[in-house]
Amino acid sequence: MIPFNFDYYRPDTLEEATRAYRELDSRSLEPVYYSGGSEIISMARVHNIYTKAVIDLKAIPECNVLEFREDRLFIGSSVTLSRISEENPYPLLSKACSRIADHTMQCRITIGGNLGGTIIYREASLPLLLSDCEVIVTSSGSLSRVPLAEVFRERLLLPRGEFIVQFVIRKEYAAVPYVHVKKTRNEKIDYPLVSVAALKKDGRIRLALSGVCPFPFRSADIEDRLNDMNDSWGIRIDKALEYLPAPILNDISGSNGYRKFVLKNTLLNTLRTLEAMH
Amino acid sequence: MLKIEGKSIIQLDINGEIRETPVHPSDVLLYTLREELGLTGAKPGCENGDCGACTVLVDGWPVKACLMLSVEAIGHKITTVEGLNNATIQKAFVENWGFQCGYCTSGFLMVCHSLAYNHPNADEYVMEEWLQSNICRCTSYEEIRKAVNSVLMPASKG
């Protein structure tokens, strides 16, 4: 049970959604955009989120597209993780989505919700960061298209009232060699000790990580070290780890030392696998 | 735009029947099914999306009713275990001893029913992936696996 009441709005258009947000916000109803809802409900139940109005984006057609148009893949922010896995338009993303929570939850969790939520791992972001994804964002009825990396650093950084409508990915990323490995403490379904997504594009390895630091990230410095063919795999990995953007997580799921050990081994296997692929 | 403000009467399509029910927009589907509509097949377990005991189908796909608002179900087809009506998977659970205490059974049945419908040729990997959404504290997993296997198409057993 959610221990407080709120009102529910399900707009049919982008314009209705942003207008509803402005209006509800002006009445101090603390509106939240809602899509899959699983995180909002579970957080609300324990008083970690409070709102008097939810705006459900699932009925907006633009938020539900999953299709190729010319040389781009468009994914609506309300598309569920299970739909991405089932339709499999971008295999690395499908793989990442199929390892977030459990399968039934994947039928509810949306890709927009995974990036916009408060849980720190946001593993669906990894393949998007690797593919230089762009996002279409709405605010006050207008749409803008910007690189994801501009509005997603550690977490989603959109101004109040804005939301992601679609993710736009170049079609060529659907066919590149990739590796996805998620290591958990014990059970298969759990938050990651280390989640590695990597792909090879134009002979260069790209890498994004979750579970290592308190946020998901892709680092140019780390990629430079991993692609330095003058060094052995082990030395490349050691050098790369000097460029982690924050201290390694150290919590009940895994100490920082253990996470580092798992990360190094996973990176070694990742390099071995990708360097053998063309 | 659909607006539900305050306690309201809504219509839900449940097990092929249109049912009217009072809801607060913040009510979760599990509560409405059990407390307002008398459909107690979906069980409250963890109420946090972990155990799967409350699983129902929404438009044919499994959903944990503890993590869905009742108002979100407007315009969608809900199926609970009461709506299975002696489905093949129910018979398979009985024949393969796919339960002990039975508390998790309705949730497992819904997931398995959806799996058999959406992926009739599912292999072991897909079956495991789907069934990991549910927990059985009596650990009847092997029997449940046999029950699901018995309803999947022969092509998947190659």
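Conventions adopted
Residues numbered from 1 in each chain as written. Chains lettered and ligands numbered in written order. Predicted model: local features only at pLDDT ≥ 70, side-chain atom pairs only at ≥ 80, totals over all residues. Heavy atoms only, no water. Pairing = 2+ DSSP bridges. Helix = DSSP H or I, 4+ residues; strand = E, 2+ residues; numbered from the N terminus. Contact = heavy atoms within 4.5 Å. Axes fitted to C-alpha atoms, helices over the stretch in contact; angles between N-to-C directions. 1 Å grid on protein atoms, 1.4 Å probe; cavity = no way out; pocket = protein on both sides within 12 Å on 5 of 7 lines; lining within 4 Å. Points joined across faces, edges and corners; volume = space filled by probe spheres on them. Nonpolar A, V, L, I, M, F, W, Y, C, P; charged D, E, K, R; others polar. Buried < 20%, exposed > 50% of the residue type's maximum accessible area, 1.4 Å probe, protein only. Arc of directions from axis to C-beta. Buried area = accessible area lost by both parts, 1.4 Å probe. Salt bridge = Lys/Arg side-chain N within 4 Å of Asp/Glu carboxyl O. Polar contact = N/O pair within 3.5 Å; in protein donor to acceptor, adjacent residues only side chain to side chain.

Visitor: Outline the sheet that holds strand S11 (residues 178-183) of chain A, listing residues and values.
Guide: Residues and elements named next belong to chain A. Pairing is antiparallel across the open sheet formed by four strands, whose spatial order is S11-S12-S13-S14. Each edge of the open sheet carries a strand with a single partner, namely S11 and strand S14 (217-218). Where S11 and strand S12 (residues 194-201) come together, six bridges link them in antiparallel fashion. Its bridge partner being in S12, Val179 is matched across the sheet by Ala198. Sitting on the sheet, helix H11 (residues 256-275) touches S11, S12 and strand S13 (204-210), and the angle it makes with S12 is about 20 degrees.

Visitor: Residues and numbers for empty space enclosed by the protein, please.
Guide: Within the structure shown, the criterion is met by two cavities of 30 Å³ or more. If you add up the space inside the largest cavity, you get close to 80 Å³. Ser98, Arg99, Ala101, Asp102, His103, Gln106, Lys188 and Ile189 of chain A together with Tyr125, Glu129 and Gln132 of chain B together form the lining of the largest cavity. Looking at the lining of the largest cavity, the elements that each hand over two or more residues are helix H5 (103-106) of chain A together with helix H4 (124-131) of chain B. Taken as a whole, the second largest cavity holds about 30 Å³ of empty space. Looking at the second largest cavity, the residues that line it are Met1, Ile41 and Arg45 of chain A together with Val28, Glu47 and Cys66 of chain B. When the residues that make up the lining of the second largest cavity are grouped by side-chain class, the tally is four nonpolar, no polar and two charged.

Visitor: Go over helix H2 (residues 88-95) of chain B with me, naming the residues and quoting the values.
Guide: All names here are of chain B. Among the residues of H2, Ile89, Gln90, Ala92 and Phe93 are the ones counted as buried. Along the axis of H2, the buried positions cluster into a sector of 160 degrees, meaning they face one direction only. Relative to its buried face, H2 has exposed residues pointing more than 90 degrees away, namely Thr88, Lys91 and Val94. On its buried face, H2 sits against helix H3 (105-118) and helix H5 (141-151).

Visitor: Account for the interface of chain A and chain B, naming residues and giving values.
Guide: Interfaces are often sized by the accessible area lost when the parts come together. Across the boundary between the two partners, chain A contributes 34 residues, which contact 35 residues of chain B. Around 3000 Å² of area is buried between chain A and chain B when both sides are counted, 55% of it from carbon and sulfur atoms. On the surface where chain A and chain B come into contact, there are three salt bridges. When the shortest N-O distance is used, the salt bridge between Glu72 of chain B and Lys58 of chain A registers 2.5 Å. The interface formed by chain A and chain B includes 21 residue pairs in polar contact (both at pLDDT 80 or more). When residues of the side of chain A that touches chain B are traced back to their parent elements, those giving at least two are strand S1 (7-10), helix H1 (14-26), helix H2 (38-45), strand S3 (53-56) and H5 of chain A. Classifying every residue of the side of chain A that touches chain B gives 14 nonpolar, eight polar and 12 charged. In this sheet, strand S1 (residues 2-4) of chain B lies alongside S1 of chain A in antiparallel orientation, the contact comprising three bridges. What sits directly across from Tyr9 of chain A, in S1 of chain B, is Lys3 of chain B.

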